[in-house]
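Single-letter residue listing:
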Amino acid sequence: MSVSKDPVHVRRRRLAAGALLGAVLLGGWGMAQVFGGDGSSAGEDGSVAGPTEATAPQQGAADGEDPGADEAGPAQEESEAQGGTSADTSGEDSSAEDTTDPAGAQDEADQVWQREPAPAEHPSDTTALEQVDYLTGGLTPKSVMASGHGLMIANNMMYSHTSTVFDSTTREQVEVLDDGVELAAFGIEGHPGVSQGSPVEAVWTEDGRYAYVSQYTMYGENFGVEGFDACTRDSGVGASFVYRFDAEEMAWDQVFQVGAVPKYLALSPDQQTLLVSNWCDATLSVVDTEKGEETGTVELAAAPRGLAIMPDNRTVYAVAMYADELYKVDLDEGTAEVVMQTPPRPRHLNLADEGRTLYLTTSGGNAVLKIDTATDEVVDEAAPGAEPRSVVLSPDETALYVVNYDEASVSKVRTSDMEVIDTVGVDANPIGIDYDPVTHTVWVACYGGSIYVFDDQDSLL
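Residues numbered from 1 in each chain as written. Predicted model: local features only at pLDDT ≥ 70, side-chain atom pairs only at ≥ 80, totals over all residues. Heavy atoms only, no water.

(A) Representation of the nonpolar core. By size, the foremost hydrophobic cluster in this structure holds 24 residues, and its most contacted members are Leu151, Ile153, Trp204, Phe241 and Phe245. Those elements that provide at least two residues to this core are strand 3 (151-156), strand 5 (173-178), strand 8 (199-204), strand 9 (210-215), strand 10 (241-246) and strand 11 (251-257). A per-element tally of this core places strand 10 first, with 3 residues. Leave out the neighbours within four places in its chain, and tryptophan 204 touches Met145, Ala146, Ser147, Leu151, Met152, Ile153, Tyr210, Ala211, Phe245, Ala247 and Leu267. (Core = buried A, V, L, I, M, F, W, Y, C linked by side-chain atoms within 4.5 Å. Buried < 20%, exposed > 50% of the residue type's maximum accessible area, 1.4 Å probe, protein only. Helix = DSSP H or I, 4+ residues; strand = E, 2+ residues; numbered from the N terminus. Contact = heavy atoms within 4.5 Å.)

So, in structure tokens, the structure goes:
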């Protein structure tokens, strides 16, 4: 008989054992002790301690977009968050155990990746962000992405070599994935022994079953020059890989090669094509998801990053950060054309209005541009804060949530008029953000070792 090591099941076994032990001790003391005791109660043994403040590892290489600004996060964060200590600053103890075990709870835990998004009570442009949790302990999150069906995956700074999977409802860790794999087990020859990756970004399949995770560079046998952000096509940086995470098995189940220093990923609406922007060789990898292999590449310019695939599954917008260019790619033809010279360091792209509107973030221009895709012209813009980086759109498309890397804040922008309607403070160097439609919460990854969770429905502006 096998025994589940799932953290949820482990906690339940501990609680059951504690209850049984309490019953035995109570019987030993007798009823006289129950009614005649001094009223004191012993603390529950085996309770889970609260999270400790994580400290980012010292950096051994400069691989930031500008010195120290991208994959290599700050060397060390302060021991306390701006809103408080490593305990939940909202007043809710994020480490408290749920002692209830209603009928069907085990089935629910087993199927956590199959939860359905809940309808929102209020439009997102009428609500305020309210902190409900603060997660630390073993985290150095570079990005955090919602499956849309009950899970979140946080890819920890590349030197941490882990990805952490959370239940978005309980906000508990359900798995920590090591990036060490035996490539031969996935049919990839030439790299004997265990090879290590370095997780960067992720994209989930529409059904929440799988997450594709880009590995910045690989460590092990026969990988060539190690990746770094100042690289060019002539730097000799070796090709890297993308891992696929299976939410049902809680393990990596597929690995395939892409270009040098893969960063951002996007899935086509029909789920048949995965696109990966390769930073060092200035290409876009086109991956057939059924085959699990790269089937082609498209040439771009220096440091491609953000991607957005139109509803036709053929047209793609992509940015080249160091070239300050917005591209339109035709996947059928394998061609790319520059449609706009952008402000400095275009970074992130979001599509809305069934592809009629494109939002483009320029981290060097401190702006989010609203673009009409029929004309590829800017029709409006917002100034959310200093060094805006990752951006997520609310499910109803009425609001954008932007992390401001250089001012430790998150801004909410109303899409109808591009006005900033809410701003909240977070730890230094917020870098990743996503919206969980199951709980209507916004998750913010901060490089130094924390994730903030904000409710987006309970408080009105």
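(B) The arrangement of the sheet that holds strand 29 (residues 441-446) in detail. Ordered in space as 1-30-29-28, the 4 strands form an open sheet in which the pairing is antiparallel. Of all strands in the sheet, those with a lone pairing partner are strand 1 (127-135) and strand 28 (430-436), marking the two edges. Averaged over all pairs of adjacent strands, the angle between their axes in this sheet comes to 25 degrees, without regard to strand direction. Pairing geometry for strand 1 and strand 30 (residues 450-460), over 7 bridges, is antiparallel. Of the residues in strand 30, the one forming a bridge with leucine 135 is isoleucine 451. (Pairing = 2+ DSSP bridges. Axes fitted to C-alpha atoms, helices over the stretch in contact; angles between N-to-C directions.)

(C) Fine view of the environment of leucine 129. Here leucine 129 lies in strand 1. For leucine 129 and glutamine 457, which are 328 residues apart along the polypeptide, the C-alpha to C-alpha distance reads 7.8 Å. Filtering out sequence-adjacent residues up to four positions away, leucine 129 remains in contact with Tyr401, Val410, Asp422, Val424, Val442, Phe454, Asp455 and Asp456.

(D) Here's a closer look at the environment of threonine 136. Mapped onto the fold, threonine 136 is located in the loop between strand 1 and strand 2 (141-146). Since its relative accessible area comes to 6%, threonine 136 is described here as buried.

(E) Region of the structure containing the layout of surface pockets. Taken as a whole, the largest pocket spans an internal volume of roughly 1300 Å³. As for the largest pocket, its lining consists of 39 residues, and the residues nearest its centre are Val203, Trp204, Leu267, Asn350 and Leu351. Every element with two or more residues in the lining of the largest pocket is listed here: strand 2, strand 8, strand 12 (262-267), strand 16 (304-309), strand 20 (346-352), strand 24 (388-393) and strand 28. Top element by residues in the lining of the largest pocket is strand 20. It accounts for 5 residues. Tallied by class, residues from the lining of the largest pocket come to 25 nonpolar, 9 polar and 5 charged. (1 Å grid on protein atoms, 1.4 Å probe; cavity = no way out; pocket = protein on both sides within 12 Å on 5 of 7 lines; lining within 4 Å. Points joined across faces, edges and corners; volume = space filled by probe spheres on them. Nonpolar A, V, L, I, M, F, W, Y, C, P; charged D, E, K, R; others polar.)

(F) Structural detail: the state of the cysteines. Under the defined criterion, the tally for this structure stands at 1 disulfide. Each sulfur of the disulfide joining cysteine 231 and cysteine 280 lies 1.8 Å from the other. Residues cysteine 231 and cysteine 280 are joined through a disulfide that is left-handed, its torsion about the S-S bond being -95 degrees. Highlighted residues: cysteine 231 in the loop between strand 9 and strand 10 and cysteine 280 in the loop between strand 13 (273-278) and strand 14 (283-288), separated in sequence by 49 residues. (Disulfide = S-S within 2.5 Å.)

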